[in-house]
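# A closer look at the structure
Below, each chain spelled out in residue letters.
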Amino acid sequence: MKKHELVWNKNQHGVGIALIDEQHRQIIDRVNQIANAVAMEAKSDALKEMLEDMLIFACEHFAVEERLMAEHGYPDMENHIQEHLRMYQQLSNLVKTVLRATGRNKAALVSAYLSDWAERHILQADKELGGFLIAKGLN
Ligand SMILES: [Fe+2]
Ligand SMILES: [Fe+2]
């Protein structure tokens, strides 16, 4: 396993809602692809495209979670949406700055940052949401 590679693990990352878990798995795949591309010093154009794709996919994913929260009256919806907005901002800033980043240290920072970006939210906010939705009878 490479240094910053994330590995999907159902026990660790699973929130128990099939659609959300599937999308998280795809996000983790994309994070790894981007981290590899950065490590291999991929061309800026290719990297930019991957990051922009990731941004679009993240937006779609956030919308799915926010729809489920609204439909089921999730009490912590405000905070969760704020966190999505913050993540979106961070990711779009990264898209702008990563293209200027060169050298191994910066590359490692980018991949570590992305891993953290994706994983921390899944392990905390999304797990809480998953528990709530399971209690409402979803799976
Ligand atoms: Fe979320
Ligand atoms: Fe999520």
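Before reading on, note that the structure itself is shown above.
For the structure given in this document, a descriptive report is provided here. (Residues numbered from 1 in each chain as written. Chains lettered and ligands numbered in written order. Predicted model: local features only at pLDDT ≥ 70, side-chain atom pairs only at ≥ 80, totals over all residues. Heavy atoms only, no water.)

### Examining the packing of aromatic side chains
Taken as a whole, this structure holds 1 aromatic pair when the rule is applied. Ring plane angle 55° and centroid distance 4.9 Å describe the contact between Tyr74 and Phe132, whose orientation is recorded as tilted. Here Tyr74, found in the loop between α3 (44-72) and α4 (77-98), pairs with Phe132, found in helix α5 (residues 104-135); they are 58 residues apart in sequence, far enough to count as distant. Like Tyr74, the residue Phe132 is buried in the burial classification. Sitting over the ring of Phe57, Arg30 keeps its end group 4.5 Å from the ring centre. (Phe/Tyr/Trp six-rings, centres within 6.5 Å; stacked < 30°, edge-to-face > 60°. Helix = DSSP H or I, 4+ residues; strand = E, 2+ residues; numbered from the N terminus. Buried < 20%, exposed > 50% of the residue type's maximum accessible area, 1.4 Å probe, protein only. Lys NZ or Arg CZ within 6 Å of the ring centre and 35° of its normal.)

### A look at empty space enclosed by the protein
Here the structure, examined in full by the defined rule, presents 1 cavity of 30 Å³ or more. Here the largest cavity defines a volume of roughly 50 Å³. Forming the boundary of the largest cavity are His24, Ile27, His61, Phe62, Met87, Trp117, Ala118, His121, Ile122 and Asp126. Class assignment of the residues belonging to the lining of the largest cavity gives a composition of 6 nonpolar, 3 polar and 1 charged. (1 Å grid on protein atoms, 1.4 Å probe; cavity = no way out; pocket = protein on both sides within 12 Å on 5 of 7 lines; lining within 4 Å. Points joined across faces, edges and corners; volume = space filled by probe spheres on them. Nonpolar A, V, L, I, M, F, W, Y, C, P; charged D, E, K, R; others polar.)

### Structural notes on the environment of Lys96
Mapped onto the elements of the fold, Lys96 is located in helix α4. As a C-alpha pair, Lys96 and Leu51 span 45 residues in sequence and 9.6 Å in three-dimensional space.

### So, the pattern of salt bridges
All chains considered together, the criterion is met by 4 salt bridges. The salt bridge partner of Arg25 is Glu22, with a shortest N-O separation of 3.8 Å. You can see Arg25 and its partner Glu22 sitting in helix α2 (residues 18-39), 3 residues apart, about one turn around the helix. Classification of Arg25 as partly exposed rests on a relative accessible area of 39%. Residue Glu22 is classed as partly exposed on the basis of its relative accessible area of 38%. Across the pair Glu52 and Lys48 runs a salt bridge whose closest N-O atoms are separated by 3.4 Å. With Glu52 and Lys48 both in helix α3 and 4 residues apart, this pair spans about one turn of that helix. (Salt bridge = Lys/Arg side-chain N within 4 Å of Asp/Glu carboxyl O.)

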